Amino acid sequence: MNIVFISLDTMRASRLGCYGYEKPTSPYMDRIASQGVLFERAYAADIPTEVAHTGIFTGKVGLRTGVVSHGSPLTQLPKKESWLPSLLQNHGFTTAAVDNLYQLKEWFARGYRYYINSVQKSRSIDGKSVNELAFKWIREHKEDDFFLFLHYWDPHTPYQPPASYVPAFYDQSRDPYDPANRSMQAAYNHAAYPFFKHHHYDLLGPVTDAAYVNALYDAEVRYLDDRLRELDELLIAEGLYEDTLLILFGDHGESLTEHEIYWDHCGLYEASVQVPMIMRWPGRIPEGRRVQGLVQQVDMLPTILEAADILTPANIDGRSLWSSIRGEADGTHDAVYLSECAWQASRGIVTKDYKFIRTLDAGPFVRPPRELYDLRVDPDETVNLAESHPAIADELEYQLDAWIEKMLGGRGDPMQTQIEAGLPFRNRIHEILLQYGLTWDEWMKDPRRDRFDEASAARHAGR
């Protein structure tokens, strides 16, 4: 058998047609979903990218591996931890990746016979280049039993889709640079602006219409959809379609201005933690199956190992999805525990009906210490019920604390260690501010775009 394991970086489930989106972002992914199984409530328990992928490849949540943050020099993954590519390689699979996570942490190259770094000079990492690298490898190894990990980054900021993809998602009678449009002001005057100015906004130009930026995200998704179609066409042409387990998943989603998060993936809200998860294996996975119960990313490791008839390590947190795939169960968990420790430091729990979030460090955001949402009537998480329904909030917080204690097993809390050292993205913003004669505390008192831009201009003029 072959396994093609595809990470769709920054892919928000609710922006795909198969998850209910009305715009034509994903016709081919929708087709793949109709040919296999779609998990309606799949969660990234740990966000963002570095911690999500560590959990996916170990089958363990961050509190058990100690990897809870992103871009932090404090974290290391012990070599004793089980690692999906290594397990498959040890059982005869030829393992390969087209990926760049090795540049974040060394452990992402473990277990691969072939590791093809996808970094390029232009347009960030383009799905077209990922395909070029992957197609050559597939043609050369189509006689092997292989595991191929493909990491596509196209929906990630900066959103720069080919121009031809934009008209389907943005009204061409509108002017994205109309000076009368004020919808970008909240983003431009947010405390995170010093980071996103160079990372995103300067690359887009003087956009004034927030709807245009959202349209660029949708266009990126559609661009990626076409690249996945090309990949599938290759599998068919090379005779690999029937014996290939194809898995699509998001490592995390993307907030498109919700909760004052402007085109990024922090906050334990549905926009950032509910991700697509789709699997297809002709003749082995029933077509058109939709699983409504709660599942999470760490469940993919035991599912893949079971498909490959490999014994699953006993000490993981993931549970095989095969019972749900066959219709014998509906999900793998009664609750999923959530964590982030990059822009913000927060933990949460999501159940069938509710979401509870506890924030320990809000970073550049303004957050209440506790949030409670009834997802049945408020799926967009707009009404915080923590004060009006304290009994429910207390019960979920108690459940969260009991889980944390169990996962730590008497060890120190790596999130607290990271908070004491400073959240990685807060530290990055502080470093940027210092270059322009500002401190974090000064900036947070008055985070205005013109204030930062004036400091930036003055520094450059003084050169």
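What counts as what
- Residues numbered from 1 in each chain as written.
- Predicted model: local features only at pLDDT ≥ 70, side-chain atom pairs only at ≥ 80, totals over all residues.
- Heavy atoms only, no water.
- Helix = DSSP H or I, 4+ residues; strand = E, 2+ residues; numbered from the N terminus.
- Buried < 20%, exposed > 50% of the residue type's maximum accessible area, 1.4 Å probe, protein only.
- Axes fitted to C-alpha atoms, helices over the stretch in contact; angles between N-to-C directions.
- Parallel < 35°, antiparallel > 145°, perpendicular 65-115°, else oblique.
- Contact = heavy atoms within 4.5 Å.
- Nonpolar A, V, L, I, M, F, W, Y, C, P; charged D, E, K, R; others polar.
- Salt bridge = Lys/Arg side-chain N within 4 Å of Asp/Glu carboxyl O.
- Expected span 1.5 Å × (residues − 1).
- Pairing = 2+ DSSP bridges.

(A) Inspection of unusual backbone geometry at higher detail. With an omega of 0°, the peptide bond running from isoleucine 47 to proline 48 counts as cis. Residue placement: proline 48 occurs in the loop between strand E3 (46-47) and helix H2 (49-58). Here the residue pair threonine 157 and proline 158 is connected by a cis peptide bond, since its omega of -5° sits within 30 degrees of zero. In this fold, proline 158 is placed in the loop between strand E6 (146-152) and helix H6 (185-188). For threonine 257, which is not glycine, the phi dihedral falls at a positive 90°. Assessed through its relative accessible area of 29%, threonine 257 is described here as partly exposed.

(B) Geometry of the packing of helix H5 (residues 127-140) against helix H8 (residues 210-237). Viewed as axis vectors pointing N to C, H5 and H8 meet at an angle of 10°, and their least axial separation amounts to 10 Å. Relative to H8, the element H5 is oriented roughly parallel. Here Gly127, Lys128, Asn131, Phe135, Ile138 and Arg139 of H5 lie close against H8, whose contacting residues are Tyr223, Arg227, Glu230, Leu231, Leu234 and Leu235. Tallied by class, residues from the contact of H5 with H8 come to six nonpolar, two polar and four charged.

(C) Structural detail: the pattern of salt bridges. Counted by the stated rule, this structure contains 34 salt bridges. With its nearest N and O atoms 3.7 Å apart, the salt bridge here joins lysine 197 to aspartate 453. In this pair, lysine 197 is assigned in helix H7 (residues 193-204) and aspartate 453 in helix H16 (residues 449-461), connecting sequence segments 256 residues apart. The exposure class of lysine 197 is buried, given its relative accessible area of 12%. A salt bridge links arginine 326 to glutamate 328, with the nearest nitrogen and oxygen atoms 3.1 Å apart.

(D) Highlighting H5. In a regular helix each residue adds 1.5 Å, so 14 residues correspond to 20 Å; H5 covers 20 Å between its end C-alpha atoms and thus fits that length. By the burial criterion, the buried members of H5 are Gly127, Val130, Asn131, Ala134, Phe135, Trp137 and Ile138. Tucked into the core, H5 has its buried residues touching strand E4 (94-99), strand E5 (114-117), E6 and H8.

(E) Here's a closer look at the sheet that holds strand E13 (residues 335-341). Spatially, E3-E13-E14-E15-E16 is the arrangement adopted by the five strands of the open sheet, whose pairing is mixed. The strands lining the two open edges of the sheet, one partner per strand, are E3 and strand E16 (370-374). In this sheet, strand E14 (residues 345-351) lies alongside E13 in antiparallel orientation, the contact comprising seven bridges. Counterpart to tyrosine 337 in the pairing with E14 is isoleucine 349.

(F) Expanded view of the pairing of strand E11 (residues 277-280). Burial of the side chains of E11 extends over both faces: Met277 and Met279 are buried on one face and Ile278 and Arg280 on the other. Where strand E2 (residues 37-43) lies against E11, two bridges are found, and the strand directions are antiparallel. Looking at the pairing, leucine 38 lines up with isoleucine 278 of E11. Across four bridges, strand E7 (residues 244-250) lies against E11 in antiparallel orientation. In the sheet register, leucine 248 faces E11, and the bridge partner there is isoleucine 278.

Everything listed is a geometric property; what it means functionally is a separate question.
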